[in-house]
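# Notes for the structure review
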Protein chains: 2
Amino acid sequence: MSRDDLSKEIIIQAAIELLDAEGLEGLSMRRLGDRLDAAATAMYWYVTSKSHLLILASNEVWGEVVLPDLDRVDWRTAAADMAGGLHRMVSQHPWLVTAFASQPVYGENKARHDDRILAVYEKAGFVGAEVDDAATTVFMFVLGHALGGSTSDSLNRQLSRGSGNSQSRVQQSLEEAKEVALRFPRLRERLEGATETGYGSAPGRSFEFGLRAVLDGLEHRIRTRPLPPSNHAVPVALNTLQACTPCP
Amino acid sequence: MSRDDLSKEIIIQAAIELLDAEGLEGLSMRRLGDRLDAAATAMYWYVTSKSHLLILASNEVWGEVVLPDLDRVDWRTAAADMAGGLHRMVSQHPWLVTAFASQPVYGENKARHDDRILAVYEKAGFVGAEVDDAATTVFMFVLGHALGGSTSDSLNRQLSRGSGNSQSRVQQSLEEAKEVALRFPRLRERLEGATETGYGSAPGRSFEFGLRAVLDGLEHRIRTRPLPPSNHAVPVALNTLQACTPCP
DNA sequence: ACCTGAACACCGTTCAAGT
DNA sequence: ACCTGAACACCGTTCAAGT
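Note that the structure is predicted; figures quoted are calculated from it, not measured. Residue indices begin from 1 for each chain and proceed along its sequence in written order. Chain labels run from A onward and ligand labels from 1 onward, assigned in the order the entries are written. Owing to the predicted nature of the model, reporting of local features is limited to residues with pLDDT of at least 70; listing and counting of side-chain atom pairs is limited to 80 or more, with chain, interface and lining totals taken over all residues. Excluded from the side-chain calculation are hydrogens and water; included are all heavy atoms of the structure.

## Quick look at the overall build of chain A
Counting from the N terminus, the helices are DSSP H or I runs at least four residues long and the strands are E runs at least two residues long. Tallying secondary structure elements over chain A gives 10 helices and zero strands in all. For chain A, the sequential pattern of α-helices and β-strands runs α-α-α-α-α-α-α-α-α-α. Here the analysis covers contacts within chain A between residues at least 6 apart in sequence; of these, 74% occur between residues at least 24 apart. By the convention used here, residues are in contact when the closest approach between their heavy atoms is within 4.5 Å.

## A look at a negative patch on the surface
Patch rule: a residue counts if its relative accessible area is over 30% and it has no salt bridge; like charges are joined within 9 Å, and nonpolar side chains (Val, Leu, Ile, Met, Phe, Trp, Tyr) within 5 Å. All accessible areas in this document rest on Shrake-Rupley with a 1.4 Å probe, and a residue is counted as covered only by the protein chains that are shown. Whenever a carboxyl oxygen of Asp or Glu lies within 4 Å of a side-chain nitrogen of Lys or Arg, that contact is scored as a salt bridge. This count recognises Lys and Arg as positive and Asp and Glu as negative, with His and chain-terminal groups excluded. Charge placement uses NZ in Lys and CZ in Arg. For Asp and Glu, CG and CD serve respectively. Residues Glu9(A), Asp20(A), Glu60(A) and Glu64(A) make up a contiguous surface patch of negative charge. Within the secondary structure, Asp20(A) sits in helix H1 (residues 8-22).

## Quick word on the side chain of Arg190(A)
Relative to the elements of secondary structure, Arg190(A) occurs in helix H9 (residues 185-192). Polar side-chain contacts of Arg190(A) include one of 2.9 Å to the backbone oxygen of Arg186(A). Pairing of N or O atoms within 3.5 Å defines a polar contact, subject to two protein rules: one partner must be a possible hydrogen donor and the other a possible acceptor, and residues neighboring in sequence count only if both atoms are side-chain atoms.

## As for the protein's contact with DNA strand D
A molecule or strand has a residue near it when one of that residue's heavy atoms lies within 4 Å. Neighbouring residues of DNA strand D: 20 residues in total, closest Arg30(A), Thr41(A), Tyr44(A), Ala39(B) and Tyr46(B). Of everything in DNA strand D that lies within 4 Å of the protein, sugar and phosphate atoms constitute 56%. Within the side chain of Tyr44(A), an N or O atom sits 2.7 Å from a phosphate oxygen of DNA strand D. Under the scheme applied, nonpolar residues are Ala, Val, Leu, Ile, Met, Phe, Trp, Tyr, Cys and Pro; charged residues are Asp, Glu, Lys and Arg; polar residues are all the others, including Gly. Considered class by class, the residues forming the surface near DNA strand D number nine nonpolar, five polar and six charged.

## Points about the UniProt feature "domain: HTH tetR-type" (unreviewed entry) in chain A
Taking the UniProt record as the reference, the feature "domain: HTH tetR-type" (unreviewed entry) is found at residues 5-65 of chain A. With 57% helix and 0% strand, residues 5-65 of chain A has end C-alpha atoms that lie 29 Å from one another. UniProt positions are given in the numbering used here, feature names are shortened, and annotations may be inferred rather than shown by experiment.

## Re the packing of aromatic side chains
All names here are of chain B. Here is the rule: rings of Phe, Tyr and Trp (six-membered ring for Trp) pair when centre to centre is within 6.5 Å. Planes less than 30 degrees apart are stacked, more than 60 are edge-to-face, and the remainder are tilted. One pass over the structure, following the stated rule, counts 12 aromatic pairs over all chains. Their ring planes at 65° and their centres at 6.2 Å tell us that Phe100 and Phe139 sit as a pair that is edge-to-face. With Phe100 in helix H5 (residues 95-102) and Phe139 in helix H7 (residues 129-160), this residue pair connects regions lying 39 residues apart in the sequence. Phe139 shares its class with Phe100; the two are buried. On the basis of an interplanar angle of 20° and a centroid distance of 5.7 Å, the ring pair of Phe141 and Phe207 is categorised as stacked. Any residue under 20% of the maximum accessible area for its type is buried, any over 50% is exposed, and the rest in between are partly exposed; the area is computed with a 1.4 Å probe on protein chains only.

## A few points about the pattern of salt bridges
By the definition in use, this model includes 28 salt bridges over all chains. Linking Glu122(A) and Arg186(B) is a salt bridge whose minimum nitrogen-to-oxygen distance equals 3.1 Å. With Glu122(A) in helix H6 (residues 108-124) and Arg186(B) in helix H9 (residues 185-192), this residue pair bridges two chains. Overall, Glu122(A) belongs to the partly exposed group, its relative accessible area being 31%. In this structure, a network of salt bridges that share partners links the residues Arg76(A), Asp216(A), Glu219(A) and Arg223(A).

## Some remarks on the protein's contact with DNA strand C
Around DNA strand C sit 20 residues, and of these Ala39(A), Tyr46(A), Arg30(B), Thr41(B) and Tyr44(B) come closest. Of what DNA strand C places within 4 Å of the protein, 54% of the atoms are sugar or phosphate. Residue Tyr44(B) places a side-chain N or O atom 2.7 Å away from a phosphate oxygen belonging to DNA strand C. Here a phosphate oxygen of DNA strand C sits 2.9 Å away from a polar atom, N or O, in the main chain of Lys50(B). Elements supplying a minimum of two residues to the surface near DNA strand C: helix H8 (165-181) of chain A together with helix H2 (29-35) of chain B. With three residues, the top contributor of residues to the surface near DNA strand C is H2(B). Broken down by class, the residue content of the surface near DNA strand C amounts to nine nonpolar, five polar and six charged.

## Examining the environment of Lys123(A)
Residue and element names in this part refer to chain A. When you line up the elements, Lys123 lands in helix H6. A relative accessible area of 40% places Lys123 in the partly exposed class. The sequence separation of Lys123 and Asp71 amounts to 52 residues, and the corresponding C-alpha distance is 9.9 Å. Excluding anything up to four places from it in sequence, Lys123 contacts Leu70, Val73, Asp74 and Trp75. From its side chain, Lys123 meets the backbone oxygen of Val73 in a polar contact 2.8 Å long.

## Concerning the nonpolar core
Here the nonpolar core consists of buried residues drawn from Ala, Val, Leu, Ile, Met, Phe, Trp, Tyr and Cys, with membership extended through side-chain atoms lying within 4.5 Å. Of all hydrophobic cores here, the largest spans 142 residues; its most connected members are Leu32(A), Tyr121(A), Leu218(A), Leu32(B), Tyr121(B) and Leu218(B). Aside from chain neighbours lying at most four places away, what touches Leu32(A) is Ile11(A), Ala14(A), Ala15(A), Leu18(A), Leu27(A), Met43(A) and Leu53(A).

## Description of unusual backbone geometry
All names here are of chain A. One non-glycine residue, Asp37, lies in the positive phi region at around 50°. With respect to the helices, strands and loops of the structure, Asp37 is situated in the loop between helix H2 (29-35) and helix H3 (50-62). For Asp37, a relative accessible area of 55% puts it in the exposed group.

## Re the UniProt feature "DNA-binding region" (unreviewed entry) in chain A
With numbering aligned to this structure, UniProt lists the feature "DNA-binding region" (unreviewed entry) at residues 28-47 of chain A. Overall, residues 28-47 of chain A shows 35% helix and 0% strand. The separation of its end C-alpha atoms is 13 Å.

## Examining the packing of H9(A) against helix H6 (residues 108-124) of chain B
Packing of H9(A) against H6(B) leaves a shortest axis separation of 7 Å and a crossing angle of 90°. For the element pair H9(A) / H6(B), the angle class is roughly perpendicular. Contacts between H9(A) and H6(B) involve Pro185(A), Arg186(A), Leu187(A) and Arg190(A) on the former and, on the latter, Ala111(B), Asp114(B), Asp115(B), Leu118(B), Ala119(B) and Glu122(B). Helix axes use the C-alpha atoms of the stretch in contact, all axes being lines fitted to C-alpha atoms, and the angles between their N-to-C directions lie in the range 0 to 180 degrees. Angles below 35 degrees are treated as roughly parallel, those above 145 as roughly antiparallel, those between 65 and 115 as roughly perpendicular, and all remaining angles as oblique.

Here it is in structure tokens:
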């Protein structure tokens, strides 16, 4: 009859379940409390704030990404594996991109992941700031790609468990968007074309295409120009610490 | 003494100013009302919801991106121009990425932009679904790149006009993140290295590097493999309409 | 040490009532 | 036609009080 004892881990777990099921706006301290049979304010004993909880949850799912062993594979397969792993992870937890966009995220698992990414592009032959540039490029591509997924995800959520009123409002938005698109030839072409070959039917294919192009571009860059040494740059997305330096 | 008359345009403009100054969480109907010397609820006469207002504001800033004339430039400069223009726009309006991540965005200006993007990669020589793939790849790279910028942006905002209490909490988070990073060799290296060569000092360079690599990859793909015809795919980020098809 | 309940300062949105 | 004010159902967070 009684609930599980509260703990940091249980709270994080419940938060992730809530986020996976309902997205970023589905997470509130009160609903978290309901789910754990506790007062919303009980969470504050274990977690300093909602923002902190979001950092902990983000770092937790970051741990799901398996990291390649650089001694056993060449840089390109390692890069593809990491990008693929990250892509799979954010596909399972679309809220992560939203969270990442609205506040800094850090933690042990993310740091380990970032460190390994840099190692991959060191091994590829980049030096100096271009290590960070190459890593950032791929990382950004993956996250950007997930952006589209997370919006269509939240849209579907609003459509499925919408409160009737908001449901019809979303429908109306879709109509409006469609109407606008029909006024532009290429968008119209795609709206009228067979949808079964669209993104929804093969979401992986589009990702693979882009990833290959990005890696091709990086590989081309290594081969055509043995790079001169230079200083390191801190990529802002891999390490948001940098954000504090330009402060007053 | 009296305020400007209310109108859709004025409301959108004020919303953008609020968003530019304080980010997504700085926008509330009540604060918008304050800024326009009106009741928060007065907005609902011109705008159906906050979400709708965000769509209008997003579409408005999308209009700031200048589109290249495809009859006057080759595809690669057109692609670079569009990517650069989009990048500049989201740098000036970092909240757009957050908005884009949390809800669908559409409108005339965005549709025109999307249509032109597709035209660019048609001109490049892609056919069928790969037109959409190529367009999506570059688009995603730009948006992903902006993701990092928008988080460091909101971080700086919290640091500068923080309520003392939250300010020290952000400081503490930064310390914590730093401490974690120091446990990983490559991150440590970068933290201890000279910061004046970091991302903050040359944010453009990192973008240019990545963009060149992405375009190199796409160019390589066109040249090495004359592509077979196939059906169109609707990229989910260019056109979120697709999200409604897999619904029950 | 751990948790609750009331309270505070916010939200988006609806709707009757005013002009 | 346009706007206000009160009200409702939510938020995150603090803090005294309980066990």
